[in-house]
Amino acid sequence: METARLVIRKFIPDDWRDLFAYLSQEAVVLYEPYGIFTEEESKNEAVRRSQDDRFWAVCLQSTGTLIGNLYLAKQDFDTWAMGYAFNANFQGKGYATEAARALLEDVFKNQNAHRVAAMCNPMNESSWKLLERLNFRREGHLVKNVYFKEDITGNPIWVDTFQYGILAEEWCGFA
């Protein structure tokens, strides 16, 4: 899949260097359920993602450099879950919006999606602003509903989540 500036494709094992370039950035993984990746973990993750149809590599068309990824997984009732992570060096340039828009267009037109949902931490302003640029509707603010990390005594560090969604008929009017 291509856009004006990007190629959106499946992962390949050789993507590990570019994957490491952004998954080793604390700012990128701050709101993710995992910590920073080592080179070895990035190698393993690139292989894993190359075998997982839910992950999409987002690459610059001009150089082929992997700058981020999208996640799109089919769930019950023709609903899909979407997520994303982008190299901090390429954030704020519209790449995530461009890539997500292309993937949403595909899932609504070619996969007969009824709805796409996404969740993000309310403190991750760039994430929820991206969803709102894509015409997602904020459907809820879940309070202390999940934890990914624990404090030094082993107690959960609970965090809030914003729930977003968009229906096929809403997308058709927006795209």
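Each remark here, short or long, concerns the structure printed above.
Small disclaimer: the values here were computed from a predicted structure and weren't measured.

Novice: What exactly am I supposed to notice about unusual backbone geometry here?
Specialist: Most peptide bonds are trans, and most residues other than glycine sit at a negative phi. We note that phenylalanine 77 has phi near 60°; this positive angle belongs to a residue other than glycine. Along the chain, the position of phenylalanine 77 falls in the loop between strand 3 (66–74) and strand 4 (79–86). Of the residues examined, phenylalanine 77 reaches a relative accessible area of 75% and is grouped as exposed. The phi angle at lysine 144 is positive, at roughly 45°, despite the residue not being glycine. Take lysine 144: it is sitting in strand 6 (residues 137–150).

Novice: Quick question: what am I supposed to make of the sheet that holds strand 6 here?
Specialist: Pairing between the strands of a sheet is mediated by backbone hydrogen bonds and can be parallel or antiparallel. Spatially, 7 strands are ordered 1-2-3-4-5-7-6 in an open sheet, and the strand pairing comes out mixed. Every interior strand has two partners, whereas the edge strands, strand 1 (6–9) and strand 6, have only one. Taking the axes of each pair of neighbouring strands and ignoring which way they run, one obtains an average angle of 25° across the sheet. Relative to strand 3, strand 2 (residues 55–60) runs antiparallel, the two being bridged by 5 bridges. Counterpart to alanine 57 in the pairing with strand 3 is asparagine 69.

Novice: Just checking my understanding: could you explain the packing of helix 1 (residues 16–23) against helix 3 (residues 39–50) for this structure?
Specialist: For any two helices packed against each other, the geometry comes down to the angle between their axes and how far apart the axes lie. Running from N to C, helix 1 and helix 3 cross one another at 120°; their axes reach a closest spacing of 8 Å. Considered as vectors, helix 1 and helix 3 are oriented oblique to each other. Along this stretch, helix 1 crosses helix 3, giving a crossing that reads as right-handed. Where helix 1 abuts helix 3, its residues Trp16, Leu19, Phe20, Tyr22 and Leu23 lie against Glu39, Ser42, Lys43, Glu45, Ala46 and Arg49.

Novice: Which parts of the structure should I look at to understand the side chain of asparagine 124?
Specialist: Locating asparagine 124 in the fold gives a position in the loop between strand 5 (115–120) and helix 5 (125–133). The buried category is assigned to asparagine 124, whose relative accessible area is 17%. Separated by 3.2 Å, the side chains of asparagine 124 and serine 126 make a polar contact.

Novice: What exactly am I supposed to notice about the environment of leucine 103 here?
Specialist: Examined against the element boundaries, leucine 103 turns out to sit in helix 4 (residues 95–110). For leucine 103, a relative accessible area of 1% puts it in the buried group. The sequence separation of leucine 103 and tryptophan 56 amounts to 47 residues, and the corresponding C-alpha distance is 9.0 Å.

Novice: How should I be thinking about the nonpolar core in this particular structure?
Specialist: Nonpolar side chains in soluble globular proteins tend to end up buried together. Judged by nonpolar contacts, the single largest core of 35 residues is most densely connected at Leu70, Met82, Phe86, Leu104, Phe108, Val116 and Phe136. Considering every element that reaches this core, the biggest residue donor is helix 4, with 9 residues. If you look at the next biggest cluster of nonpolar residues, it comprises 14 residues, including Phe11, Leu19, Val29 and Cys59.

Cut-offs and rules
Residues numbered from 1 in each chain as written. Predicted model: local features only at pLDDT ≥ 70, side-chain atom pairs only at ≥ 80, totals over all residues. Heavy atoms only, no water. Helix = DSSP H or I, 4+ residues; strand = E, 2+ residues; numbered from the N terminus. Buried < 20%, exposed > 50% of the residue type's maximum accessible area, 1.4 Å probe, protein only. Pairing = 2+ DSSP bridges. Axes fitted to C-alpha atoms, helices over the stretch in contact; angles between N-to-C directions. Parallel < 35°, antiparallel > 145°, perpendicular 65-115°, else oblique. Left-handed = near helix turned anticlockwise from the far one by under 90°. Contact = heavy atoms within 4.5 Å. Polar contact = N/O pair within 3.5 Å; in protein donor to acceptor, adjacent residues only side chain to side chain. Core = buried A, V, L, I, M, F, W, Y, C linked by side-chain atoms within 4.5 Å.

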